[in-house]
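Examining the three-dimensional arrangement
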Amino acid sequence: MDEQFLDLLAQKYDTEEKIITEIINLEAISNLPKGTEHFVSDLHGEFQAFQHVLRNGSGTVKEKIKELFREAWTDQEINDFAALVYYPEEKIQLVIGELSNKTALNQWYRHTIEHMLKLISYASSKYTRSKLRKALPEQYVYIVEELLYKTDSTNNKDPYYEEIYRQIISLGQADQLIIGLAYTTQRLVVDHLHVVGDIYDRGPDPDKIMDTLINYHSVDIQWGNHDVLWIGAYAGSLVCLANIIRICARYDNLDIIEDVYGINLRPLLNLAEKYYEDNLPFRPKLQAGHNVSEQEILQITKIHQAIAMIQFKLESPIIKRRPYFNMSERLLLEQIDYDKNEITICGKTYQLENTCFTTVNPQNPEQLLEEERQVMEKLLFSVQHSEKLARHMNFLMKKGSLYLKYNGNLLIHGCIPMDEEGNMEEMQIEDKTYAGRQLLDVFEEYLRYAFAHPEETEDLATDMVWYIWTGECSSLFGKREMTTFERYFIQEKEAHKEKKNPYYHLRENEEICRRILQEFDLNPEHGHVINGHTPVKEISGESPVKANGKMIVIDGGFSKAYQSTTGIAGYTLLYNSFGMQLVAHQKFNSKEDVLCNGTDVLSVKRLVDKELERKLVKETNVGEKLLQKISNLKDLLDYRYMK
């Protein structure tokens with residue numbers, strides 16, 4: 001081993017005793033059971049539902065409460081205690097309101113703290129004391145450790161422990177201690193969180209999800225197509241920016257753009273008011289309970305048309321300068337007969353309805369009006385100077401990737417582009433051809449370059465980010481074409497169809513999934529492909545577990561827009577030392593319903609894969625690093641003897 005590296009290592013471990021102690025510590029840790037991984041996908045801005053799933057660990061919190069207290073407690077007591085762990089601040093206030101008698105309240109505090117400590121002791125049984133200490137509420141670490149590790153069999157210290165409880169309550173610290181212990185429990189039941197794509201789109205609060213993830217103790221993200229769209233907009237892609245504004249207008253979510261991220265839409269509204277009128281297909285899909293005036297609806301409708309037409313114009317030059325994108329048939333503005341109001345697509349002519357082509361020059365359809373160009377420049381400036389958006393996008397880049405190999409599994413939001421025979425689909429980029437893992441690596445290289453160079457707005461990297469959103473060989477789109485234009489202007493449903501990549505039916509085949517795992521240098525015997533992106537229609541009998549357990553699809557519909565067709569409100573996945581469990585969630589109503597009625601999202605668990613032997617830390621990605629560090633320390637020990 002390099003002597004310079006060993007000399008640097010010796011600065012931290014400068015005595016033989018320190019080296020040996022650390023080796024013993026790391027060897028012991030590597031033989032603990034692996035921590036629980038929690039997989040979620042396709043959150044789509046649904047913060048309340050996501051937050052509840054995160055707080056209850058997809059049912060793990062209640063499961064541990066039941067295991068610990070089921071013989072002593074009723075179902076109602078279990079539900080009440082679970083609600084306290086999920087939402088401690090609110091539940092404590094409800095209890096204070098119910099127990100007006102101070103003696104009764106103090107007794108509740110005493111018993112609750114004791115129960116919380118038992119739960120933490122149980123939930124932390126496979127962690128080191130050091131790891132548990134880091135999870136405890138910082139201001140109460142000493143007190144909690146004293147109460148957790150009581151060993152006085154002679155009862156000599158009983159008055160000591162009772163005085164700790166009494167002082168906590170009398171000094172008004174019980175509320176904060178219980179709150180801290182509740183969050184400690186939430187942290188202990190999940191060791192690491194995987195977000196398999198699409199934090200953004202449709203739902204009202206993607207920013208709150210981002211803030212939660214930024215503060216989460218251990219997380220990674222596999223970008224979804226909508227996440228990449230936001231990254232692209234921040235990286236300087238005008239067409240990606242037009243897309244996110246159009247989608248926000250479509251789903252009555254412009255508040256995210258304007259109020260959350262501080263992006264000024266007034267110039268776009270002025271343009272829209274000048275050129276557009278009411279138009280039914282462009283009216284926003286209103287969120288339940290969101291009161292919007294007719295004037296606001298009309299403004300959104302006009303903005304929707306204005307940004308959609310800008311988007312269609314911006315797509316054309318990219319398609320023309322990148323012929324290997326193979327998207328020439330999407331030059332739709334050039335295929336319109338503006339006199340007859342007709343368009344010919346794939347040899348078939350359609351009548352156009354509800355058109356809004358007032359800013360289109362039939363002789364040069366892709367040409368932006370000077371006003372449109374100025375609006376987009378102002379919007380891009382505003383996007384790239386939003387402090388909050390910068391923080392969120394930088395976090396997405398830091399913690400994110402197109403795919404992830406983790407503990408023997410492949411995590412990917414969309415697909416591995418394939419042909420009908422199950423071969424990795426090839427794409428030519430300039431003078432080179434890529435497929436499979438290599439293609440995804442190239443996509444990610446371009447995306448990271450575009451993000452690092454936001455001043456470049458028409459280079460290949462920036463164009464490629466848009467292609468990842470909408471191109472046929474994109475691992476995140478996974479369809480032949482995106483028929484946005486057709487859905488607005490053509491009545492015939494046949495024109496709206498988007499043909500999926502063969503991957504989506506081939507992934508039912510175990511051999512195909514094994515081939516994918518091999519492509520990414522993973523063991524096909526033990527590994528799984530974990531997918532999001534496509535809602536599983538359980539209501540129609542579709543299973544999220546495919547290919548004899550090799551493929552697991554965990555997008556069951558966090559988004560309310562999908563729940564009528566999926567029949568559920570999301571799948572999540574748990575992977576602990578005993579194996580994998582898939583969790584199906586019913587619709588989340590409200591936090592208040594959980595607090596007041598003790599109800600909870602019904603979580604139905606099914607075993608996906610059971611470990612033949614309990615999986616240990618040393619068999620994980622974290623374990624690989626620990627074993628490497630142990631090896632380095634042993635080399636350092638030998639190096640000291642040699643010197």
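Fair warning: this is a prediction, and the values are worked out from it, not measured in the lab.

Our next topic: the sheet that holds strand β9 (residues 409-412). A sheet is described by the order of its strands in space; here 5 strands give the open sequence β8-β9-β12-β14-β13, paired in mixed fashion. The open sheet terminates on both sides in strands that have one partner only, identified here as β8 (403-406) and β13 (545-546). Sheet topology note: the β13/strand β14 (residues 551-553) ladder contains 2 bridges and is antiparallel. Note on β14: the bridge partner recorded for V545 is I552. Those strands touched by helix α24 (residues 510-519) are β9, β12 (529-531) and β14, and its axis lies near 100 degrees from that of β12.

Before going further, it helps to spend a moment on helix α13 (residues 225-234). Counting buried positions along α13 gives 10 out of 10 residues, so the element sits mostly inside the fold. Regarding α13, the residues found buried are N225, H226, D227, V228, L229, W230, I231, G232, A233 and Y234. Just downstream of α13, G236 is the residue with a positive phi angle, here 110 degrees.

With respect to topology, 3 strands assemble into an open sheet ordered β4-β5-β6, the strand pairing being antiparallel. Since the sheet does not close on itself, it has two edges, and those belong to β4 (336-337) and β6 (348-351), each with one partner. As defined by bridge partners, strand β5 (residues 342-345) adjoins β6 across 4 bridges and the pair is classed as antiparallel. Residue pairing for β6: I343 is matched across the bridge by Y350.

Turning next to the packing of helix α19 (residues 387-399) against helix α20 (residues 436-452). As a packed pair, α19 and α20 sit with axes 12 Å apart at the nearest point and diverge in direction by 150 degrees. Classified by the angle between their axes, α19 and α20 sit roughly antiparallel to one another. Considering only the axes of α19 and α20, their crossing is left-handed. The residues of α20 that touch α19, namely those facing M393, N394 and M397, are L447, R448 and F451. When grouped by side-chain class, the residues that make up the contact of α19 with α20 number 4 nonpolar, 1 polar and 1 charged.

With that settled, the discussion passes to the environment of K34. Residue placement: K34 occurs in the loop between α2 (16-30) and β1 (37-40). Residue K34 is classed as buried on the basis of its relative accessible area, which comes to 2%. Here the alpha-carbon distance between K34 and F578, two residues 544 residues apart in the chain, equals 9.0 Å. Discounting chain neighbours no more than four positions away, the residues touching K34 are K126, N407, Y575, N576, S577, K615, L616, V617 and T620. Separated by 3.0 Å, the side chains of K34 and E37 make a polar contact.

The next thing to look at is a negative patch on the surface. A contiguous patch of negative charge, built from D255, E258, D259 and E296, is present on the exposed surface. Take the negative patch: its biggest share by element is 3 residues, from helix α15 (residues 254-260). By relative accessible area, D255 is classed as partly exposed at 41%.

Of all the 11 residues making up helix α21 (residues 460-470), 11 are buried; the element is thus mostly covered by neighbouring parts of the structure. Among all positions in α21, only L460, A461, T462, D463, M464, V465, W466, Y467, I468, W469 and T470 are buried. Looking at the buried positions of α21, the neighbouring elements they touch are α13, α14 (238-250), α17 (294-321), β10 (426-429) and α20.

Right, let's get into the packing of aromatic side chains. Under the counting rule described, the total for this entry stands at 22 aromatic pairs. Judged by centre distance (4.8 Å) and plane angle (75 degrees), the ring pair of Y403 and F520 falls under edge-to-face. Of the two residues, Y403 is situated in strand β8 and F520 in the loop between α24 and β12; the sequence distance between them amounts to 117 residues. A relative accessible area of 12% means that Y403 is categorised as buried. A relative accessible area of 0% places F520 in the buried class.

The rules behind the values
- Residues numbered from 1 in each chain as written.
- Predicted model: local features only at pLDDT ≥ 70, side-chain atom pairs only at ≥ 80, totals over all residues.
- Heavy atoms only, no water.
- Pairing = 2+ DSSP bridges.
- Helix = DSSP H or I, 4+ residues; strand = E, 2+ residues; numbered from the N terminus.
- Contact = heavy atoms within 4.5 Å.
- Axes fitted to C-alpha atoms, helices over the stretch in contact; angles between N-to-C directions.
- Buried < 20%, exposed > 50% of the residue type's maximum accessible area, 1.4 Å probe, protein only.
- Parallel < 35°, antiparallel > 145°, perpendicular 65-115°, else oblique.
- Left-handed = near helix turned anticlockwise from the far one by under 90°.
- Nonpolar A, V, L, I, M, F, W, Y, C, P; charged D, E, K, R; others polar.
- Polar contact = N/O pair within 3.5 Å; in protein donor to acceptor, adjacent residues only side chain to side chain.
- Patch = residues over 30% accessible without salt bridge, like charges linked within 9 Å, V, L, I, M, F, W, Y side chains within 5 Å.
- Areas by Shrake-Rupley, 256 points an atom, 1.4 Å probe, with all protein chains shown as cover.
- Salt bridge = Lys/Arg side-chain N within 4 Å of Asp/Glu carboxyl O.
- Lys, Arg positive; Asp, Glu negative; His and termini not counted.
- Charge placed at Lys NZ, Arg CZ, Asp CG, Glu CD.
- Phe/Tyr/Trp six-rings, centres within 6.5 Å; stacked < 30°, edge-to-face > 60°.

Note that every value here comes from positions in space, so none of it alone points to a role or purpose.
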